[in-house]
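The primary structure of each chain is shown beneath.
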Amino acid sequence: MHKEEKNSRALHRNWKVWFAVALMLAAMLMYIVTLDDSVVPVLLK
């Protein structure tokens, strides 16, 4: 059981994990930002 705690701590200290998290967040941000460009605004009178 202690071995699992060490693995989770090592996972949080691994730079590859943080790089993957940052890459996913950047991809989600780009998706959200570019989503508005594809929607045609409708003018309400």
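Everything that follows concerns the structure shown earlier in this document.
I will try to describe carefully the structure that is included in this document.

In this section: the overall build of the protein. Helix and strand content of the protein: 2 helices and 0 strands. Scored against the burial criterion, the 45 residues of the protein give a buried share of 0%. Carbon together with sulfur atoms contributes 70% to the accessible area of the protein, which is approximately 5,000 Å² in total.

This brings us to a nonpolar patch on the surface. A cluster of nonpolar side chains, contributed by W15, F19 and L23, occupies part of the molecular surface with about 410 Å² of accessible area. With respect to the helices and strands, F19 occurs in helix α2 (residues 15-38).

This brings us to the environment of T34. By the secondary structure assignment, T34 is in helix α2. Within polar-contact distance, the side chain of T34 engages the backbone oxygen of Y31 at 3.4 Å.

Cut-offs applied
- Residues numbered from 1 in each chain as written.
- Predicted model: local features only at pLDDT ≥ 70, side-chain atom pairs only at ≥ 80, totals over all residues.
- Heavy atoms only, no water.
- Helix = DSSP H or I, 4+ residues; strand = E, 2+ residues; numbered from the N terminus.
- Buried < 20%, exposed > 50% of the residue type's maximum accessible area, 1.4 Å probe, protein only.
- Areas by Shrake-Rupley, 256 points an atom, 1.4 Å probe, with all protein chains shown as cover.
- Patch = residues over 30% accessible without salt bridge, like charges linked within 9 Å, V, L, I, M, F, W, Y side chains within 5 Å.
- Salt bridge = Lys/Arg side-chain N within 4 Å of Asp/Glu carboxyl O.
- Polar contact = N/O pair within 3.5 Å; in protein donor to acceptor, adjacent residues only side chain to side chain.

On their own, these measurements won't tell you what the molecule is for.
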